Structure formats: structure tokens, C-alpha cells
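# Coordinate analysis (summary)
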Amino acid sequence: MATINKKIKTIKIDLDKCNGCRACEMICSSFHASPKYSSNNPARSRIRMVRDPLKDVYLPVYAGEYAPAECTGRSKYVIDGKEYNECDFCRASCPSRDAFKEPDSKLPLKCDMCEGEEEPLCVKWCITGALTCEEREEEAEEPVRSVELDTGLEDLVNKYGLQQLQDTLNRMSQAKKG
Ligand code: SF4
Ligand code: SF4
């Protein structure tokens, strides 16, 4: 099978640079509003700030996969003298909390890297440089192109006629069943 080079984007978070301004949440919710940029509501953002200014805790977390059941383990982490709950780092939309759920429909939210944009908008709007985007290329299998399939079928219809093609396909399908 033919391979293609796929571009993979990764967002790197530098906690030391985050000041908790929440510009990332604002622009993300605004970009995903319908119509686009018509409103902003951090509850609709695909990036969430875990903030505790008194303890100097500022942790940006990206929405990941949906989890149908909540997990049973709860650990605490102490990093650079700051305490975090395990759930603080979790990227899942799960039944145990409201994070990463569309507030009206309760449907799970997931970061889509601002599909269609050159650069993720949260990265662009993070003026402290806490969020940076890295891009690398990876080899992947080329997806089957339906356009080519359509063109191939069209050629066969032009060459043999629709009826003959249908008869042949019927025969092939009968032979497979038998
Ligand atoms: S925009 Fe940057 S500095 Fe502001 S809260 Fe988000 S990650 Fe932190
Ligand atoms: S990359 Fe785009 S979709 Fe993902 S959290 Fe940032 S602004 Fe939202």
C-alpha cells in the first residue's frame, strides 16, 4: 500500500510561563461558537485552566477522549512543591465531573487543533509563551480515494455498459455466497 507523509501537531505546555490569564479558553470557545466568534464562554472551551492563585497553581489541560465510566483511582501529585489531584491532569470528558462537556447538550468536547487554522488559536493567543506548537512528519498509509474508485467504475460502465456490469457483479456476488 502507498504511504504518505502526515503532519502531526503537538502542543507543548510550559507551566512555569502560564499566568492563568485564560485567554486560551476565551479564544477556543469563541472559535467554536456557532456562528464562529459570535460569543465566548470558557465552559465551552476545549482547553481548561486548573487555577488556584493562592497556591500559584496554573495548569492548562486539553480536552481528549470521551470516557464512558469514571475511574476508581485517585492519586495526588506534588510537583515543585505544588499539590495536584489526579483528575486535574485528566483530559477525558467523564461522568464524574462537568469538565469538557458542552454546557447545554452535555455532549463531550475534544480539542480538534482548530481544524482549518494554520496555527492552534490558543497557542497564538498565549502571549506568555506557555503554549507552543511543534510539527513533525510521520509516514502513514494512504487512504483509499473514493474519487479514483468512482472514476474507475465510470470507465467500466462506459466500456461494458451498465447492464453487463450489473450482471457481472451479481454473478460474482452469487459465486462468493456459494
Ligand atoms: S493563554 Fe497561556 S498564560 Fe494564559 S491561561 Fe492560557 S496557557 Fe496560561
Ligand atoms: S488547539 Fe484549538 S481546539 Fe484545541 S484547545 Fe486550542 S484553541 Fe481549542
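Just above sits the structure.
The paragraphs below set out a description of the structure included in this document. Everything numeric here is computed off the predicted structure, so don't read it as measured data. Every chain is numbered on its own, with residues counted from 1 as its sequence reads. The lettering of chains begins at A and the numbering of ligands begins at 1, in the order of writing. Only residues with pLDDT of 70 or above have their local features reported here, since the model is predicted, and side-chain atom pairs are shown and tallied only from 80 upward, although totals for entire chains, interfaces and linings are computed over all residues. As a rule here, side-chain values come from all non-hydrogen atoms in the structure, and water together with hydrogens is ignored.

Here a salt bridge means any side-chain nitrogen of Lys or Arg lying within 4 Å of a carboxyl oxygen belonging to Asp or Glu. In the structure shown here, the tally under the stated rule is twelve salt bridges. Two residues, Glu-102 and Arg-44, come together in a salt bridge whose shortest N-O distance is 2.4 Å. Linking Glu-102 in the loop between helix 2 (86–89) and helix 3 (121–125) with Arg-44 in the loop between helix 1 (23–31) and strand 2 (47–52), this pair joins segments that are 58 residues apart in sequence. By relative accessible area, Glu-102 is classed as buried at 18%. Linking Glu-70 and Arg-74 is a salt bridge whose minimum nitrogen-to-oxygen distance equals 3.3 Å. Secondary structure is summarised from DSSP: a helix means a run of H or I of at least four residues, a strand means a run of E of at least two, and numbering begins at the N terminus for each. Exposed residues in this analysis have more than 50% of their type's maximum accessible area, buried residues have under 20%, and partly exposed residues fall in between, with area computed by a 1.4 Å probe over protein chains only.

Turning to the pairing of strand 3 (residues 57–62), a few remarks are in order. Burial runs high along strand 3: six of the six residues are buried. In strand 3, alternate side chains face the same way, and those of Val-57, Leu-59 and Val-61 on one face and Tyr-58, Pro-60 and Tyr-62 on the other are all buried. Bridge count between strand 2 and strand 3: six bridges; the pairing is antiparallel. Bridging from a neighbouring strand, Arg-48 pairs with Val-61 of strand 3. The hairpin turn running from strand 2 into strand 3, its antiparallel successor, is four residues long, and Asp-56 in that turn takes a positive phi close to 60 degrees. Strands pair, by our definition, only if DSSP identifies at least two bridges between them.

Checked against the element boundaries, Ser-45 lands in the loop between helix 1 and strand 2. Within the structure, the side chain of Ser-45 is placed 2.7 Å from the backbone oxygen of Ile-47, a separation counted as a polar contact. Throughout, a contact is declared for two residues whenever any of their heavy atoms are within 4.5 Å. In contact with Ser-45, not counting residues within four places along its chain, are Cys-24, Glu-25, Cys-28, Ser-29, Phe-100 and Leu-109. Within 3.5 Å is the distance limit for a polar contact, defined as a pair of N or O atoms, with the added protein rule that one can donate a hydrogen and the other accept it, and that residues adjacent in sequence qualify only through two side-chain atoms.

Here we come to the site of ligand 2. Residue proximity to a molecule or strand is established when one non-hydrogen atom of the residue lies within 4 Å of it. Around ligand 2, a shell composed of Ile-11, Cys-28, His-32, Arg-46, Ile-47, Tyr-62, Cys-111, Asp-112, Met-113, Cys-114, Pro-120 and Cys-122 is seen. Broken down by class, the residue content of the shell around ligand 2 amounts to nine nonpolar, one polar and two charged. Any residue that is not Ala, Val, Leu, Ile, Met, Phe, Trp, Tyr, Cys, Pro, Asp, Glu, Lys or Arg is counted as polar, Gly included; the first ten are nonpolar and the last four charged.

To continue, consider the packing of aromatic side chains. Put simply, two rings from Phe, Tyr or Trp (the six-membered ring, in Trp's case) pair if the centres are within 6.5 Å, and we call them stacked under 30 degrees between planes, edge-to-face over 60, tilted for the rest. A complete count under the given rule lists three aromatic pairs for this structure. Both rings, one in Tyr-84 and one in Phe-89, keep their centres 5.2 Å apart while their planes meet at 50 degrees; by these two values the pair is tilted. With relative accessibility at 4%, the residue Tyr-84 sits in the buried group. Phe-89 sits in the partly exposed class, given a relative accessible area of 30%.

Below, the discussion takes up the pairing of strand 5 (residues 82–85). Bridge count for strand 4 (residues 76–79) against strand 5 is four bridges, and the pairing is antiparallel. Its bridge partner lying in strand 5, Lys-76 is registered against Asn-85. The turn joining strand 4 and strand 5, which pair antiparallel and follow one another in sequence, is formed by two residues; a positive phi near 50 degrees is taken by Asp-80.

Turning our eyes to something else, we now look at the nonpolar core. Counting residues in each nonpolar core, the largest one holds 13 residues, and the members touching the most others are Ile-11, Cys-24, Ile-47, Tyr-62, Cys-122 and Leu-131. Going through the elements one at a time, helix 1, strand 2, strand 3 and helix 3 are the ones with two or more residues in this core. Ignoring any residue separated from it by four or fewer positions in sequence, one finds Ile-11 in contact with Tyr-62, Met-113, Pro-120, Cys-122, Val-123, Leu-131, Thr-132 and Cys-133. Formed by eight residues, the second largest nonpolar core is a distinct cluster that contains Val-50, Ala-63, Tyr-84 and Phe-100. Side-chain atoms within 4.5 Å link the members of a nonpolar core, which is a set of buried Ala, Val, Leu, Ile, Met, Phe, Trp, Tyr and Cys residues.

Here we come to helix 1. Buried residues dominate helix 1, accounting for eight of its nine residues. Here helix 1 has its buried residues at Ala-23, Cys-24, Glu-25, Ile-27, Cys-28, Ser-29, Ser-30 and Phe-31. On its buried face, helix 1 sits against strand 2, helix 3 and strand 6 (131–141).

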